[in-house]
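Descriptive structure summary
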Amino acid sequence: MKYRIVCGCIFSWLLSLPLYSQEKNLLEELNVTETSKSEQVVSTFKSTRLVLGSTTVQLAPGELQFRVSHLFGPMSEGIQELYGLDQIFNVDIALDYGINQWFSVGLARSSDYDKTLQSNVQFAILKQTTSDNEFSLSYVGGVNVRTRKYDVDRDFVDRMEYEHQLLLSRKFTHGFSAQLTPGWVYLNRVPTTVHPHSLWYTALGVSYAVTPSTTINGEYTYTFPTFDDKLYDAGKNVLSVGVDIETGGHVFQVFVSNATRLQSSGYVAQWNNNVFFNGDIHLGFSIMRSFGL
Amino acid sequence: MKQLIAGVIGLFFISTAALSQSKYKADEGMVSFFSSAPLEDIYAENKTVVSLVDLSTREIAFVITIVDFQFEKSLMQTHFNDKYMESHKYPKATFLGNIISPNELKNPGNYKVKVKGDLTIHGVIQNIEVDGEIIIGEAEVEASSEFTVKLEDYKVKIPRLLVRNIAEEVLVKINLTYYPVQP
């Protein structure tokens, strides 16, 4: 009789065992579900600019970013012109504002020959995560107005330029990210009848973190030869190499480039550029500072 | 035979009693921190904290995902993750501890509690004791606490250039709303 009771006890104890074995400590229990969750991938690039082009980095909601970029004269002019520093080819002043985590708007004005004023929007479509999304995807669209004075009267539409870009980026390792940027620029007015109104291009950008606060960036913008081959010059596609240095509140970028304009609608139009491998390169820098509004 | 059945049923009841509803889970808890330094105030919040509390064993645990802290400026988030928290190496901050007072935590009501346990931030474990409040309601349990975290204790290094921008101690606030876990 006693033997049966003991048996029963053991049997029922065994029955309830599986229930007890689940009782790990609460943290272990949480970790089981938490470690499998997909997390967002942050800081693919240091800022909203790689060198000259935009990145998939999105401003925080309510963040106002002030950026000023300078592009100096040709370094090939030597010490006499302090390697181009005596001349300022282009100054681009920009304000960008993050409306929410997915959408930002901006204004930029370049001191180039056309005195281009650019308005733009940036939408994040996809953001890279640790397991669900392999890459980030954003759209950047811009409408530009050339605000310079013309010798003859021009219709307002003649001053317009339009831009569309898709930004596809991926952070491959903790230090290395890359971005592919196919885009299209439409210029309502071009210098001559052989110059195309419509320009297709793809930019490839890479970024490598040397230290937690310094990255080396490279960017090559390939303009597709969709126009007169006498005008097309592959050597004038823009190649830029830069270094990002971030300090507490800003990002400071120094770069060399064969572009002579700082806005993409300007440098995608190859005829504005110099040839990198002829040594016609320019030193430039950008400073970005953010304010919380 | 009857005794056998009685024994089985009896023991079964005893063993299941321990599993009755005392465990609660929070899925979208909020944690924020505030750093006040001469040059700059920094505030960030994270609304994806998950936590479990067991009112009978008095055990409490939470997990915070570092990259989910939202800042006023995108660059701050980059700094926070890349330089200070090294979230690629230490993606989570965790806590596991026990409610050490009061002794009774069953009936609905407000309780001032003391919690003691291990807080892990940036891969460094520190035993801490904090005060908090637990409100036991009809269906849910709310918990909140405020405490300071000294960055040095967790080997979070601030460059000398930024000592005037980032405080040595930050104020952490945590708010969790728990719902019963169905066993």
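Note on numbering: residues in each chain are counted from 1, in written sequence order. Key to labels: chains lettered from A, ligands numbered from 1, both in the order written. Only residues with pLDDT of at least 70 get local features here, since the model is predicted, and only at 80 or more are side-chain atom pairs given and counted; chain-wide, interface and lining totals rely on the full set of residues. Hydrogen atoms and water are omitted, and side-chain values are computed over all heavy atoms in the structure.

Per an unreviewed UniProt entry, chain B carries the name YceI family protein and comes from Carboxylicivirga linearis.

Taking an unreviewed UniProt entry as the reference, chain A is identified by name as DUF5777 domain-containing protein belonging to Carboxylicivirga linearis.

Some words on the overall build of chain B
Helix and strand definitions here come from DSSP, where helices need a minimum of 4 consecutive H or I residues and strands a minimum of 2 consecutive E residues; each element is numbered from the N-terminal end. Looking only at helices and strands, chain B features two helices and nine strands. Across chain B, helices and strands are ordered from the amino to the carboxyl terminus as α-β-β-β-β-α-β-β-β-β-β. Of all 183 residues assigned to chain B, the portion counted as buried reaches 49%. We call two residues in contact whenever any of their non-hydrogen atoms come within 4.5 Å of each other. Of the contacts formed within chain B by residues at least 6 apart in sequence, a portion of 57% connects residues at least 24 apart. Surface accessibility follows the Shrake-Rupley procedure with a 1.4 Å probe radius. Residue values consider only the protein chains on display as shielding. Taken as a whole, chain B presents about 9500 Å² of accessible surface, with 55% of it coming from carbon and sulfur. To sort residues, take the accessible area from a 1.4 Å probe on protein chains only and compare it with the maximum for the residue type: under 20% means buried, over 50% means exposed, and anything in between is partly exposed.

Digging into the sheet that holds strand 5 (residues 136-146) of chain A
All names here are of chain A. Spatially, the 12 strands close up into a barrel ordered 1-2-3-4-5-6-7-8-9-10-11-12, and their pairing is antiparallel. On average, each strand axis in the sheet is tilted by 20° relative to the strand beside it, whichever way the strands run. Note on pairing: two strands pair once DSSP finds at least 2 bridges between them. When strand 11 (residues 250-257) meets strand 12 (residues 282-292), the two strands line up antiparallel, connected through eight bridges. From the neighbouring strand, Val254 faces strand 12, where its bridge partner is Phe285. A fitted line through C-alpha atoms represents every axis, and for helices the fit uses only the stretch in contact; the resulting angles, taken between N-to-C directions, go from 0 to 180 degrees.

Thoughts on the UniProt feature "domain: Lipid/polyisoprenoid-binding YceI-like" (unreviewed entry) in chain B
UniProt's feature table lists "domain: Lipid/polyisoprenoid-binding YceI-like" (unreviewed entry) at residues 54-177 of chain B, given in the numbering used throughout. As annotated, residues 54-177 of chain B has a helix share of 9% and a strand share of 52%, and its two end C-alpha atoms lie 13 Å apart. UniProt positions are given in the numbering used here, feature names are shortened, and annotations may be inferred rather than shown by experiment.

Considering the domain arrangement of chain A
Note that the domain bounds reflect an automated or database-derived domain assignment. For chain A, the assigned domains are domain 1 (2-32) and domain 2 (42-292). Computed over C-alpha atoms, the centres of domain 1 of chain A and domain 2 of chain A are 64 Å apart.

Brief notes about helix 2 (residues 74-84) of chain B
Counted residue by residue, helix 2 of chain B has 10 buried out of 11 residues, so it is predominantly covered. All of the buried residues along helix 2 of chain B are Ser74, Leu75, Met76, Gln77, Thr78, His79, Phe80, Asn81, Asp82 and Tyr84 of chain B. As for helix 2 of chain B, its buried residues are in contact with strand 1 (63-74), strand 10 (238-246) and strand 11 of chain A together with strand 1 (23-36), strand 2 (41-54) and strand 4 (70-71) of chain B. Two residues or fewer past helix 2 of chain B, Glu86 of chain B is found with a positive phi of approximately 50°.

Description of the pairing of strand 6 (residues 160-171) of chain A
Residue and element names in this part refer to chain A. In the sheet, strand 5 pairs with strand 6 via 10 bridges, with the strands oriented antiparallel. Across the sheet, Gly142 pairs through a bridge with Glu163, a residue of strand 6. Sheet topology places strand 6 next to strand 7 (residues 176-187); nine bridges connect them, and they run antiparallel. Each residue of the ladder has a partner; that of Lys171, found in strand 7, is Ser177. Counting the residues between successive antiparallel strands, the hairpin from strand 6 to strand 7 contains four residues.

As for the pattern of salt bridges
Definition used for salt bridges: Asp or Glu carboxyl oxygen within 4 Å of a side-chain nitrogen of Lys or Arg. Considering all chains together, one arrives at 17 salt bridges over all chains under this definition. Residue Glu246 of chain A pairs with Lys46 of chain A through a salt bridge whose shortest N-O separation is 3.1 Å. Linking Glu246 of chain A in strand 10 with Lys46 of chain A in the loop between helix 2 (26-34) and strand 1, this pair joins segments that are 200 residues apart in sequence. Just as Glu246 of chain A is buried, Lys46 of chain A falls in that class too. Lys47 of chain B is paired through a salt bridge with Glu45 of chain B; the nearest N and O atoms lie 3.3 Å apart. For Lys47 of chain B, a relative accessible area of 51% translates into the label exposed. By sharing partners, the salt bridges in this structure join Asp112, Asp114, Arg146, Arg148, Glu161 and Arg261 of chain A into a single network.

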